[in-house]
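Listed here are the chains, written in short residue letters.
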Amino acid sequence: EGISAQGGDKQWMEIDKSGGSGDGNIYSFWTSYYSICYPGNFTRSTDGGDLYENCVSVDGDPYWGTMAVGPSGELYITGSGYDDGLVVVRSDNAQEHGSSIVWDYYTQVFMDGAMTSGPDVNPGGLLGQASIAVDNSSGPGRGNVYVLASVVRLTTGDPGDVMFARSVDGGLSFSDPIRINSDLSINNTQWFGTLSVAPNGRIDVVWLDTRDAPGFNDLYSA
């Protein structure tokens, strides 16, 4: 009959596949402003989805975001922050059954832009959610944390560029952002950007793009 997983607007779920103590855990996170269990906007299931815990708040209050699990079972959440850019939050003990979840730290990530609604492409919605992925491969990038978002640029005024940043220290700090899309025009919109990491550590990015057909969208990848 289904089990209540709490929730609210822009809800996202992630499953721990690390093989560690939290393997199989289900994590769920959403925008706190629209939560049905305010002020909490995060819940966890440690029994395969038969029961979800009472909601707790997420430090830094990221919204419009997603989650990822690292190679040691550490949980990352990203989302838009109340300053320009993104927030990345990490918990090392969310994987431990019965634990009171501790958010070890959160980091403000400069993306040279802000997430917002997309009046030229999505008048009633967003340019996209913030996306986060972790390299769980056995290669040299293992443990790297990557974030990506479609943002309205601060420096150029572009209505939507796909911006990317990397952390090599577990989310404590991030590199300067780079633009993924090659389009240099400030009249086209690259939106709904998202990323993932392949088993060999390759980073894949996909987004919608108006550069070839104003008023329409083509799918681009990198």
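Higher on the page you've got the structure.
What you are looking at is a predicted structure, and each value in this text was computed from that prediction instead of being measured. (Residues numbered from 1 in each chain as written. Predicted model: local features only at pLDDT ≥ 70, side-chain atom pairs only at ≥ 80, totals over all residues. Heavy atoms only, no water.)

### A closer look at the overall build of the protein chain
When helices and strands are tallied, the protein chain shows zero helices and 17 strands. At 17 Å, the protein chain has a C-alpha radius of gyration in line with the 17 Å of a compact globule built from 222 residues. Once the C-alpha set of the protein chain is aligned to its principal axes, its extents read approximately 50 × 40 × 30 Å. A buried classification covers 51% of the 222 residues belonging to the protein chain. The contacts of the protein chain with a sequence gap of at least 6 include a subset with a gap of at least 24, amounting to 47%. By element, 51% of the accessible surface of the protein chain is carried by carbon and sulfur atoms, the whole surface being about 10200 Å². (Helix = DSSP H or I, 4+ residues; strand = E, 2+ residues; numbered from the N terminus. Rg over C-alpha atoms; globule rule 2.2 N^0.38 Å. Buried < 20%, exposed > 50% of the residue type's maximum accessible area, 1.4 Å probe, protein only. Contact = heavy atoms within 4.5 Å. Areas by Shrake-Rupley, 256 points an atom, 1.4 Å probe, with all protein chains shown as cover.)

### A few points about the packing of aromatic side chains
Throughout the structure, instances matching the rule amount to eight aromatic pairs. Centroid distance W191 to F192: 4.7 Å. Interplanar angle 50°. Geometry classified as tilted. Aromatic rings pair up to connect Y27, F42 and W103 into one cluster. (Phe/Tyr/Trp six-rings, centres within 6.5 Å; stacked < 30°, edge-to-face > 60°.)

### What about the pattern of salt bridges?
Tallied over the entire structure, the rule returns seven salt bridges. With its nearest N and O atoms 3.1 Å apart, the salt bridge here joins D9 to K10. Overall, the relative accessible area of 29% leaves D9 in the partly exposed class. (Salt bridge = Lys/Arg side-chain N within 4 Å of Asp/Glu carboxyl O.)

### Regarding the side chain of T31
The residue T31 is located in the loop between β2 (26-29) and β3 (42-45) in this model. Look past the residues within four positions of T31 in its chain and what remains in contact with it is D9, K10, N41, Y63 and W64.

### Examining the pairing of strand β10 (residues 122-126)
By the bridge criterion, two bridges tie strand β9 (residues 117-118) to β10 in an arrangement that is antiparallel. Within the sheet, the bridge partner assigned to S117 lies in β10 and is L126. Hairpin geometry of β9 and β10 is characterised by an intervening segment of three residues between the two adjacent antiparallel strands. (Pairing = 2+ DSSP bridges.)

### Observations concerning the environment of F42
With respect to the helices and strands, the residue F42 is situated in strand β3. Along the chain, F42 and M13 lie 29 residues apart, while their C-alpha atoms are 9.8 Å from each other.

### Section: the sheet that holds strand β1 (residues 12-15)
Within the open sheet, the three strands sit side by side as β1-β2-β3. Their pairing is antiparallel. Each edge of the sheet is formed by a strand with only one pairing partner; in this case those strands are β1 and β3. Neighbouring strand axes in the sheet, compared pairwise and without regard to direction, differ in orientation by 15° on average. In this sheet, β3 lies alongside β2 in antiparallel orientation, the contact comprising four bridges. Paired with F29 across the strands is F42, a residue of β3. (Axes fitted to C-alpha atoms, helices over the stretch in contact; angles between N-to-C directions.)

### Considerations on unusual backbone geometry
In the segment running from Y38 into P39, the intervening peptide bond is cis, with an omega of 10°. Position of P39 relative to the elements: it lies in the loop between β2 and β3. One non-glycine residue, D112, lies in the positive phi region at around 50°. The topology assignment puts D112 in the loop between β7 (105-109) and β8 (113-114). Residue D112 is classed as buried on the basis of its relative accessible area, which comes to 5%. Residue F192 is not a glycine yet carries a positive backbone phi of 55°. Along the chain, F192 falls in strand β15 (residues 190-197). With relative accessibility at 42%, the residue F192 sits in the partly exposed group.

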